[in-house]
Every structure is written in C-alpha cells, then in structure tokens.
Amino acid sequence: MADRSRWRRKLTVVAAAVLAVPMVGGAGASAQESDASLAPVSDSLSGLLGTLSGGSQVTALVHGTSLAAADQAVSEAGMTKIGSLDEIGVVTVTGTIDQLREVREADGVSYVENNDKIKMFASSGTVATRSLEAQTTRTGPTGDSLDGSGTSVAIIDTGIDPSHPAFAAKDGSSRVVRNMKSLCTSDQDNGCIVDAGPLDTDTLSLGGHGTHVAGIAAGSPYQLPDIDVGGSAPGANVVSLSTGAGLFIMGANAAMEWVLENHEHPCGPDVSVQECPPIKVINNSYGPSGGGEFDPKSATVKLQRALAKEGVMTVWANGNDGGDGSKNLSNPPGQDPTPGIISVASYFDEGTGTRDGKVSDFSSRGAAEDPSSWPDISAPGQEIVSACRPYLVICSTGGEPHNGPGALDVGTYNVISGTSMAAPQITGIVAQLFEADPTATPGEIEAAIKASAYKYTDGAPYEQVGGYTSSYDKGAGLVDVVGAVDYLESH
Ligand SMILES: [Ca+2]
Ligand SMILES: [Ca+2]
C-alpha cells in the first residue's frame, strides 16, 4: 500500500504566480479619421465610434498635453473622471460618444484610447498544442470536426462537479455521463466503485483538482469577459472516477479495473454508444512523490497493459519534482514502454500560446543516462485556466479567478499549474486523434504524437531514441495536434 502522506503530496499542484499583461490595444491613429481638428483615436475606439450612437456610454483614456489640460477638457465636456496616470498626463473617463467628441476638439488633448479588454497572463493551452486549430480546421472520416466526439475520457482524480458549465453540452445537458466514486477501504480491494449520480464528488481536501483536470481535457469553449477557456476535446464525454476520501493507490487501481471491465459500455450495455461513448483514454494526474523506478510487477502496470491490449490508452502526469537529469524523478507507471502509455511533462507557453516557450521548472526530469525514464511528450501545464468553484480548496487558493459564462457564475475558472494540468491536455488530444482515425491502435496514437512533436529548444538537447529524438526533461517535444493528425493520415 502506498504511504498516504506521500500520495497526498503529489496531488498538490504548484501554485501559480500570475501577472496581467495587455494583449490587445490600438496603436496609432485611425486611418479612417480625417477630421484634422479632432484628436486622433486608437483603432479599437475608431471601430466603436463607427458603430455606436452619440448617446452611447464609453470608457476611454484621454491623453493631454499635460494632466491639467486633459482634466480641463474632460471637465468642460462633462465627462466623469474615474482615474488618472499623472506621470504621463492621461485621465480615464466615462461618458457619451458625443461628450468624447467634445473632448477630442479641445486644444490640450492629443490622443484618445478605448479602455480595451486585456487578456490575463494565462491560457488554456489549446493554442500552443494546436488542439484548437485541429478542432476548427480538421474533420474525421464522418466529416465532423475534431472535438473528441465519439469518445468518453475517464478521469481518475478527486472527483468532478458535473453541473459545472465547462461540461455543458450545446443542449445544456451535462457531458459527464458517469460519475463514479471509489469507496475502497483497507479490507476491500475491488467492487468498491459506486455511482454518485449528479452529486458533486469533488469536495474532498483536495477538492477542485479533478474538476480542473477534466476541464482541461474536455471543457466547453467559452469567451469569458477577460479570457478564452476550453479543453482539448469539448465534444468528448467524461467518465469521472473519484478516488474517494482516501487517496490510496488501491482506490485508483480499483478505478482502473472498473474501466477495464466497462470501457465499451460505460453506462451499461443498454445505453447506446451515441449517448454514452466508449472510454478510449484514462487520465492519471497523481502518483507517489519523488518519482521512482518503474515496477513492471505493480498492479497499476498490469492494469494499464491490459487496457492497452483492449485499445484504451493511459496518460500519466510525469510528476512535479523538477530535477536536473542526475537522477530519475519521473512518475513510475508512466515509464512503461508498452505502446499506448504516455507520460507528460509540463510546458510553459508563457500565457501567450507560443510554441517556443519553456519546460516548466517543476516538471519531473528522468535520468539523463536512461532514456526509458524520460517523459514521452510535453503539453502546457503551467498557469492553465480551467474549471473551478470558489468553494473548492484548490480553486480558493488559485491565483486568478475568472467569472462566467453566465452572469451569475462567479469564480467558475481559475489558474493552476502542475504536470496534473499537462496530462489532461494529452488525454483530450487522444480523443481528438481517435476521432481522426477511429481504427488506430494505442501504439499508433502514441507514435503519431511523438513523431510529430514540435521541437522547442529550451532545456536539455534532443537525442535519438528509437525512431524519435527525445530529451530527459521534455520528451519528444511539444505536442502538435495538427501534425499528429497529418501523421495518422499518412501512415
Ligand atoms: Ca467531432
Ligand atoms: Ca510511452
């Protein structure tokens, strides 16, 4: 049996430090503006002026030749001042379009900007992985978009809030088709998985972890007021398996065994696969702290090998123990060489969607001298925005709450970091790839992911390992979903 305190530690995620940076904003005067007597405006404000009536309210940044000049113009136009940047003579104001025109006529006003929305320094990771691009530009053999539909993803974790908007289908129903809970105790090692129905199972001491992870794999896309959210497979269904109150390996193994026995019909033999698709992939964002040697005799490894044989892939977080390649800190079962078992390192897209970012400091490294201990692939796991609830422990400590999509949805999304967040990117991507090639084997899906990886250069050098180049910190590179789809179509 795993030591309970060690088990708990690994499920702890690395806290996110979050900064806001402006990502949008007009620069320079509008080309459309021809009235030379008016102060120029930013491109985004020019767009608003073309669409809003004179009485519409706007919030704007008025640049003066001095602070006093800006103040005077604003005051004379009757606009309401809500703040100022004294050092550069800029005042922030609200008022009508007509009042704004009066301000622009004033002598002391040099430029006016719209109060643009900014994007926060976080991302859902689906731009860097090209999952979003595959969702919107690629289709499977049925002509349907590659959003993971036709697959259920199993999430073995702390549980899930099935009523969270991240799991709402287009018709409003929940895409969480099964919500199971492990009630294993020390004298019971199987048969302890029970149905929790529509209950929120994600309320334990680490509550929020499972909901966040599931949102990364399969969250619905929304444009929130300040950030875009959504998972890799927003068309997939979710089978949640909560490890229950005790975070023992036994509970997780019982969950894996349940998947082994029920993956073809997770809602029972009488429920159609359209309503409740087969499970093709399991996400595992947990493990013992400190990594360790691969144990082919463990129950976990026996179960995942049996699953691979039946066409179900197993995805592991590679761990949050950092390291420098001097020893093996990778999560043990993820080191299984069996095709179709993938261990995921964390990549940091720096909140921008870039593919030339960094391997996260916290991401566990394998031993440089032993390629069998290296992670398979990298996916975004640092400062990832996904589903949360403010009353869940992890979400209440998250760095950056976001509201929406509904007007009453407060703190529904938050930013958390860890390889726990990297693994479910791949889990959702596996669902996308099975939709692209429904006859692919787990080994073929893993090969496509590794062979098409984007070779970002941060960290350790890539070395030839088998048919790929790989590295002890980031594996074969950053997953590239469009590349993987192309690979499957050409092999
Ligand atoms: Ca689809
Ligand atoms: Ca592997």
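Check the entry above for the structure.
Please read these numbers as outputs of a predicted model, since none were measured by experiment.

1. Looking at the coordination of the calcium ion (ligand 1)
- For the calcium ion (ligand 1), the protein coordination sphere consists of Asp144 (OD), Ser145 (O), Asp147 (OD), Ser149 (OG), Glu435 (OE) and Glu435 (OE), at 2.1 to 2.9 Å.
- Here the calcium ion (ligand 1) is ringed by 6 donor atoms whose angles at the metal span 49 to 163 degrees, and the overall shape comes out irregular.
- On the primary sequence, the residues serving as donors to the calcium ion (ligand 1) are separated as D-S-x1-D-x1-S-x285-E.
- Take Asp144: its relative accessible area is 36%, and that puts it in the partly exposed class.

2. Points about the layout of surface pockets
- There is about 450 Å³ of room inside the largest pocket.
- Lining of the largest pocket is provided by 21 residues; of these, Asp147, Lys170, Arg175, Pro234 and Gly235 occupy positions nearest its centre.
- With 3 residues, the top contributor of residues to the lining of the largest pocket is helix 5 (residues 131-137).

3. Quick look at the sheet that holds strand 4 (residues 109-114)
- In spatial order, the strands read 2-3-1-4; together these 4 strands make up an open sheet with antiparallel pairing. Bordering the open sheet on either side are strand 2 (80-85) and strand 4, each of which pairs with just one other strand. Taking each pair of neighbouring strands and ignoring which way they run, the sheet shows an average axis angle of 30 degrees.
- The pairing of strand 1 (residues 57-64) with strand 4 spans 5 bridges and is classified as antiparallel. Along strand 4, the bridge assignment pairs Gly64 with Val109.
- The sheet strands contacting helix 4 (residues 97-105) are strand 1, strand 3 (90-96) and strand 4, and the helix crosses strand 3 at an angle near 140 degrees.

4. Comments concerning the coordination of the calcium ion (ligand 2)
- Taken together, the protein donors to the calcium ion (ligand 2) comprise Ile341 (O), Asp376 (OD), Asp376 (OD) and Glu446 (OE), at separations of 2.3 to 2.8 Å.
- For Ile341, a relative accessible area of 0% translates into the label buried.

5. Observations regarding unusual backbone geometry
- Each neighbour pair has its own omega, and for Gly404 with Pro405 the value is 5 degrees, a cis peptide bond.
- Tracing the backbone shows Pro405 in the loop between helix 9 (393-396) and strand 17 (413-416).
- The residue Glu350 is not glycine, and still its phi comes out positive at about 60 degrees.
- Mapped onto the elements of the fold, Glu350 is located in the loop between strand 13 (341-348) and strand 14 (358-359).
- At Glu383, a position not held by glycine, the phi torsion is positive, near 55 degrees.
- Look at Glu383 and you get buried, because its relative accessible area is 6%.

Thresholds, definitions, all that
Residues numbered from 1 in each chain as written. Chains lettered and ligands numbered in written order. Predicted model: local features only at pLDDT ≥ 70, side-chain atom pairs only at ≥ 80, totals over all residues. Heavy atoms only, no water. Donors = N, O, S within 2.8 Å, 3.2 Å for Na, K, Ca; no water. Tetrahedral: all angles 85-135°; square planar, octahedral: opposite > 155°, others 65-115°. Buried < 20%, exposed > 50% of the residue type's maximum accessible area, 1.4 Å probe, protein only. 1 Å grid on protein atoms, 1.4 Å probe; cavity = no way out; pocket = protein on both sides within 12 Å on 5 of 7 lines; lining within 4 Å. Points joined across faces, edges and corners; volume = space filled by probe spheres on them. Helix = DSSP H or I, 4+ residues; strand = E, 2+ residues; numbered from the N terminus. Pairing = 2+ DSSP bridges. Axes fitted to C-alpha atoms, helices over the stretch in contact; angles between N-to-C directions. Contact = heavy atoms within 4.5 Å.

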